Amino acid sequence: MQPIRSIEYKDDKLHIINQTKLPLQLEYIVTDNYERIGEAIEKLEIRGAPAIGIAAAYALALSVKNISEDSNYNFNNAYRRLSITRPTAVNLFYALNEIKKLFERNQTDRNLFEILINRAKEIHEDDIKKCDLIAKNGLSIFNNTVTVLTHCNTGALATGGDGTALNVIRKGFEKGFIDLVYVDETRPLLQGSRLTAWELNNYNIPFKIITDSTAAMLMKEGKVGLVITGADRIAVNGDSANKIGTYNLAVLCKHHSIPFYIAAPTTTIDLTSATGDNIKIEERGKKEILEINGNKITADNYDVFSPAFDITPYSLITSIITEKSVYQPPYNFQNV
Ligand code: MRU
């Protein structure tokens, strides 16, 4: 099977799978307009921490493409626009800053666009390699065949390569370590039932979609061997921000003595956050809760609280799997 690629740069344009349409339609957004890419990040047409970073790097590089024809162009405005798309995944800021550093060093170079776009391609290729190494390192968590539970989507759709936690699951299945995957539907935007299910179905890995509140019952009945998720930002002490509901799973795992793993590239580690306490958590709009596919499911004047992410304390995380190594608590990512 052809690998799934959520982002491809070809013919001088970015091709992005529009994830809001999956799994019912496989549609691509094809653009070289940085503002359109910013909008795609904001609307979760492209989502998942590594993929957000890669898309933003291409977008900022593309913003200088027609610089000589646009007298109103201002690099800092483009940088700012892209940096306010989503606040939690640190990969976004890492990638934007990589492009910014190069812009500052080469702004008078007539090959500026090539220099920046090549850096975006490198960030993309680097993520593909990191995904492969995460899966390879992740195999060490298995010692017999288990049923796995995962949350949100951490596969090819969420990254530049084959994924983080979902890539560990994929390789684990190929080696005979996994018999079934329980997929949390992941309310409210259903990254589990729409995106993870789509990927697992493509890979012929047996799965069952469950509502987010089913995990406790399955664990009590001894039906979950381990839980593995991704992360959007990991603090130096290992506290990890990930899709809302991840913390619930980690607490449940502790109660039922089930290992709980996080898999993420080191570009998700935020050296400026000593702990998870100050990680900015994105809040989503009311409509995502009050409506489903544009259909009202409750009164539209009801108030809503909808954080997109929560923080799992390091003490609940059995191991953090990166492309470099598999780390155990106490974590200290200062020199990773
Ligand atoms: O809101 P999303 O869909 O961008 O949230 C994505 C997640 O929480 C993923 O688990 C995380 O980004 C890791 S992706 C490899």
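Here, every reference points to the structure presented above.
Residues numbered from 1 in each chain as written. Predicted model: local features only at pLDDT ≥ 70, side-chain atom pairs only at ≥ 80, totals over all residues. Heavy atoms only, no water.

(A) Representation of helix H3 (residues 75-83). Three or more residues of H3 are buried, namely Phe75, Ala78, Tyr79, Leu82 and Ser83. Projected down its long axis, H3 shows its buried positions confined to an angular sector of 130°, all on one face. On the buried face of H3, the contacting elements are helix H1 (34-42), helix H2 (49-62) and helix H4 (90-106). Two to three positions downstream of the cap, the backbone nitrogen of asparagine 76 sits 2.8 Å from a side-chain oxygen, assigning the N-cap of H3 to asparagine 74. (Buried < 20%, exposed > 50% of the residue type's maximum accessible area, 1.4 Å probe, protein only. Helix = DSSP H or I, 4+ residues; strand = E, 2+ residues; numbered from the N terminus. Arc of directions from axis to C-beta. Contact = heavy atoms within 4.5 Å. Polar contact = N/O pair within 3.5 Å; in protein donor to acceptor, adjacent residues only side chain to side chain.)

(B) Main features of the sheet that holds strand E2 (residues 13-17). Pairing in this open sheet of three strands is antiparallel, and the strands run E1-E2-E3 from one edge to the other. A single partner strand is all that each edge strand has here, and the edge strands are strand E1 (7-10) and strand E3 (28-31). Adjacent strand axes in the sheet meet at a mean angle of 20°, parallel and antiparallel pairs treated alike. Where E1 meets E2, four bridges bridge the pair, whose relative direction is antiparallel. For glutamate 8, the partnering residue across the bridge sits in E2 and is histidine 15. Running at roughly 25° to E1, H2 makes contact with E1, E2 and E3 of the sheet. (Pairing = 2+ DSSP bridges. Axes fitted to C-alpha atoms, helices over the stretch in contact; angles between N-to-C directions.)

(C) Region of interest: the pattern of salt bridges. Under the criterion given, the structure shown has 20 salt bridges. Where lysine 65 meets aspartate 32, a salt bridge forms, and the shortest distance between an N and an O atom there is 3.0 Å. Of this pair, lysine 65 sits in the loop between H2 and H3 while aspartate 32 sits in the loop between E3 and H1, and the two are 33 residues apart along the sequence. Ionic contacts of the salt-bridge type, sharing partners, join the residues Arg5, Asp162, Arg170 and Glu174 into one network. (Salt bridge = Lys/Arg side-chain N within 4 Å of Asp/Glu carboxyl O.)

(D) How the structure looks around the side chain of arginine 86. Following the sequence through the fold, arginine 86 ends up in the loop between H3 and H4. Assessed through its relative accessible area of 5%, arginine 86 is described here as buried. Of the polar contacts made by the side chain of arginine 86, one reaches the side chain of glutamate 282; its length is 2.9 Å. Apart from the residues within four sequence positions on either side, arginine 86 is in contact with Ile41, Leu44, Arg47, Ile52, Leu92, Phe93, Lys243, Glu282, Arg284 and Phe309.

(E) Layout of unusual backbone geometry. For the peptide bond that leads from arginine 187 to proline 188, omega is 0°, which places it in the cis range. As for its position among the elements, proline 188 is in the loop between strand E5 (178-184) and helix H7 (191-202). In this structure, proline 330 follows proline 329 across a cis peptide bond, with omega equal to 0°. Among the structural elements, proline 330 can be located in the segment after strand E15 (326-327). Residues other than glycine seldom take positive phi values, yet aspartate 12 does so here, at roughly 60°. In this structure, aspartate 12 sits in the loop between E1 and E2. Relative accessible area serves as the criterion here: at 43%, aspartate 12 is assigned to the partly exposed category. For leucine 190, which is not a glycine, the phi torsion comes out positive at approximately 60°. Structurally, the position occupied by leucine 190 is in the loop between E5 and H7.

(F) Local environment of the packing of aromatic side chains. On inspection of all chains with the given rule, the structure shows five aromatic pairs. Between tyrosine 9 and tyrosine 58, the ring centres sit 5.2 Å apart and the planes meet at 10°, which makes this aromatic pair stacked. One end of the pair, tyrosine 9, is in strand E1; the other, tyrosine 58, is in helix H2, with 49 residues separating them in the sequence. We note that tyrosine 9, like tyrosine 58, is buried. For the pair tyrosine 327 and phenylalanine 333, a centre-to-centre distance of 5.2 Å together with 85° between the ring planes defines the contact as edge-to-face. Through a chain of ring-to-ring contacts, three or more aromatic side chains come together here, namely Tyr327, Tyr331 and Phe333. Sitting over the face of the ring of tyrosine 79, lysine 100 holds its NZ or CZ atom 5.0 Å from the ring centroid. Above the ring of tyrosine 203, the side-chain terminus of arginine 170 is found at 3.9 Å from the ring centroid. (Phe/Tyr/Trp six-rings, centres within 6.5 Å; stacked < 30°, edge-to-face > 60°. Lys NZ or Arg CZ within 6 Å of the ring centre and 35° of its normal.)

(G) How the structure looks around the pairing of E3. Alternating positions in E3 separate cleanly, Ile29 and Thr31 being buried on one face and Tyr28 and Val30 remaining unburied on the opposite face. In this structure, E2 lies alongside E3, joined through four bridges in antiparallel fashion. Directly across from isoleucine 16, in E3, lies its bridge partner isoleucine 29.

(H) The packing of H2 against helix H5 (residues 112-138), seen in detail. The geometry of H2 relative to H5 is characterised by a closest axis approach of 8 Å and an angle of 170° between their N-to-C directions. The pairing of H2 with H5 is recorded here as roughly antiparallel in orientation. Facing H2, whose interface residues are Pro50, Ile54, Ala57, Tyr58, Ala61 and Leu62, H5 presents Phe113, Leu116, Ile117, Ala120, Lys121, Ile123, His124 and Asp127. Looking at the contact of H2 with H5, its residues break down into 11 nonpolar, one polar and two charged. (Parallel < 35°, antiparallel > 145°, perpendicular 65-115°, else oblique. Nonpolar A, V, L, I, M, F, W, Y, C, P; charged D, E, K, R; others polar.)

Interpretation in functional terms is not warranted from these geometric data alone.
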